[in-house]
Amino acid sequence: MNAKSKNYLHLHFIVFIWGFTAVLGKLVSIDALPLVFYRMGLAVMCIALFIAFKKISLKVSLKKIITMAIIGAVIALHWITFFKAIKVSNVSIALATLATGAFFTALIEPFIYKRKMIWYEIAFGIIVMIGLYIIFNVETKYIQGIVLALISAFLASVFTLANGKLIAVEKPSVISFYELLFGFLFVAIYIGISGGFTYDFFQVSVNDWLFIFILASICTAYAFIASVKVMKFLSPYTVMLTINLEPVYGIILAFIFIGESEKMNPLFYIGALIILSTVLSNGVLKNKGKLKKLSRT
């Protein structure tokens, strides 16, 4: 097996891990806020060990530190709303709705990167809204979860676009370390101010610790660093299409590990399929455009 094939399989494994994140979030019995607090804290420690092992410098300018602190808070809010969406609904609802993040990105990106809006992005955005409308109408008992997942998707698009600029000048491991560190501190300060650090807050079962450790080490620290590594061997097109399979893997895994609570109205799957196929189509068209530009240069 050549290097490209090995890295392609590795990428699928990483996306499979990301899909499993939502399942773990459902299996953990503690609420979203303490879950994110423990996940971010442990992930920071894991990445710090990696940075120390690789002897990577953490020296960055104060301006970038402030930027990463703000992004870290956005990431924390993204995870809190995501896991809360899973807690009040289920994995399928959260992941199907989270797929709309690509279209929040398409709407925000022209303003941040100062480019024109692309016509098919608007068309796809309308189609995604149709998919969401179907889900809203058939799964009315999960409206709170859908709204939380939409907020989470929007926050994900914000920090993804912000990191798109940072990644050009800083190492991914350094960005990840500072953002997760400040995200952790943001959550810790909020919990402290609101009086959340009670005796019960620290009563975490052995099973929960196991799931949280897997979330922090494998699903966060390892998956992030590994995803950057495979990008050296695979084209952006391949990476993009594979990452868009995350909701599919997640929904399948939810059926296997959680079962009955993940069974939805058949119309839900039509709505979810509309959203996911539109996300994939958007990625295909975007990368075709990029390939055309490269062929002209």
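Scroll up a little and you will see the structure.
Here we summarise the structure given alongside this text. (Residues numbered from 1 in each chain as written. Predicted model: local features only at pLDDT ≥ 70, side-chain atom pairs only at ≥ 80, totals over all residues. Heavy atoms only, no water.)

Some thoughts on the overall build of the protein chain
At step 1: For the protein chain, the count of helices and strands is 12 helices and 0 strands.
At step 2: Starting at the N terminus, the α and β elements of the protein chain follow one another as α-α-α-α-α-α-α-α-α-α-α-α.
At step 3: Computed over C-alpha atoms, the radius of gyration of the protein chain comes to 19 Å, within 12% of the 19 Å expected from 2.2 N^0.38 for 297 residues, which places it in the range of a compact globule.
At step 4: Its C-alpha atoms give the protein chain principal-axis dimensions of about 60 × 50 × 45 Å.
At step 5: Taking all 297 residues of the protein chain together, 48% fall into the buried category.
At step 6: In the protein chain, once contacts between residues fewer than 6 apart in sequence are set aside, the share between residues at least 24 apart is 87%.
At step 7: Looking at the protein chain as shown, the accessible area adds up to about 15100 Å², and 72% of this sits on carbon and sulfur atoms.
At step 8: The average position of the 26 basic charges and that of the 11 acidic charges among the side chains of the protein chain differ by 16 Å. (Helix = DSSP H or I, 4+ residues; strand = E, 2+ residues; numbered from the N terminus. Rg over C-alpha atoms; globule rule 2.2 N^0.38 Å. Buried < 20%, exposed > 50% of the residue type's maximum accessible area, 1.4 Å probe, protein only. Contact = heavy atoms within 4.5 Å. Areas by Shrake-Rupley, 256 points an atom, 1.4 Å probe, with all protein chains shown as cover. Lys, Arg positive; Asp, Glu negative; His and termini not counted. Charge placed at Lys NZ, Arg CZ, Asp CG, Glu CD.)

Thoughts on the nonpolar core
At step 1: F83 and I212 are the most contacted members of the largest nonpolar core, which has 66 residues in total.
At step 2: If you list the elements that add at least two residues to this core, you get α1 (3-27), α2 (32-54), α3 (62-88), α4 (91-98), α7 (143-166), α8 (172-193), α9 (206-230) and α11 (246-257).
At step 3: Top contributing element to this core by residue count: α3, with 12 residues.
At step 4: Those residues in contact with F83, other than ones at most four positions away along the chain, are T21, G25, A32, L35, V36, R39 and L215. (Core = buried A, V, L, I, M, F, W, Y, C linked by side-chain atoms within 4.5 Å.)

Overview of the packing of aromatic side chains
At step 1: Enumeration according to the criterion identifies 17 aromatic pairs in this entry.
At step 2: Each ring, one from F37 and one from Y38, has its centre 5.2 Å from the other, and the planes form 75°; the classification is edge-to-face.
At step 3: Of the residues examined, Y38 reaches a relative accessible area of 9% and is grouped as buried.
At step 4: Centre to centre, the rings of F82 and F83 are 5.4 Å apart; their planes meet at 55°, and the pair counts as tilted.
At step 5: Overall, F82 belongs to the buried group, its relative accessible area being 6%.
At step 6: According to the relative accessible area criterion, F83 is buried, its value standing at 0%.
At step 7: The positively charged end of R39 is found above the aromatic ring belonging to W79, 3.9 Å away from the centroid. (Phe/Tyr/Trp six-rings, centres within 6.5 Å; stacked < 30°, edge-to-face > 60°. Lys NZ or Arg CZ within 6 Å of the ring centre and 35° of its normal.)

Focus on the packing of helix α5 (residues 101-112) against α7
Packed helices, taken two at a time, are described by the angle their axes make and the gap between the axes.
At step 1: Put simply, α5 and α7 touch, their axes get as near as 8 Å, and they point 45° apart. It follows from the interaxial angle that α5 and α7 lie oblique. Considering how the two elements wind past one another, α5 and α7 form a crossing that is right-handed. Residues G101, F104, T105, I108, E109 and I112 of α5 form the contact with α7, whose own contacting residues are L150, A153, F154, S157, V158, L161 and K165.
At step 2: Across the contact of α5 with α7, the residue classes tally to 8 nonpolar, 3 polar and 2 charged. (Axes fitted to C-alpha atoms, helices over the stretch in contact; angles between N-to-C directions. Parallel < 35°, antiparallel > 145°, perpendicular 65-115°, else oblique. Left-handed = near helix turned anticlockwise from the far one by under 90°. Nonpolar A, V, L, I, M, F, W, Y, C, P; charged D, E, K, R; others polar.)

Focus: the packing of α4 against α11
At step 1: Interaxial distance between α4 and α11 falls to 9 Å at its minimum, and their mutual angle equals 175°. As far as their axial angle goes, α11 and α4 are roughly antiparallel. Listed contacts from α11 to V91, S92 and L95 of α4 are E246, P247, G250, I251 and A254.
At step 2: Each residue belonging to the contact of α4 with α11 can be placed in one class, and the counts come to 5 nonpolar, 2 polar and 1 charged.

Remarks on the side chain of S176
At step 1: When you line up the elements, S176 lands in helix α8.
At step 2: Each residue touching S176, except ones within four places of it in the same chain, is listed here: I47 and F224.

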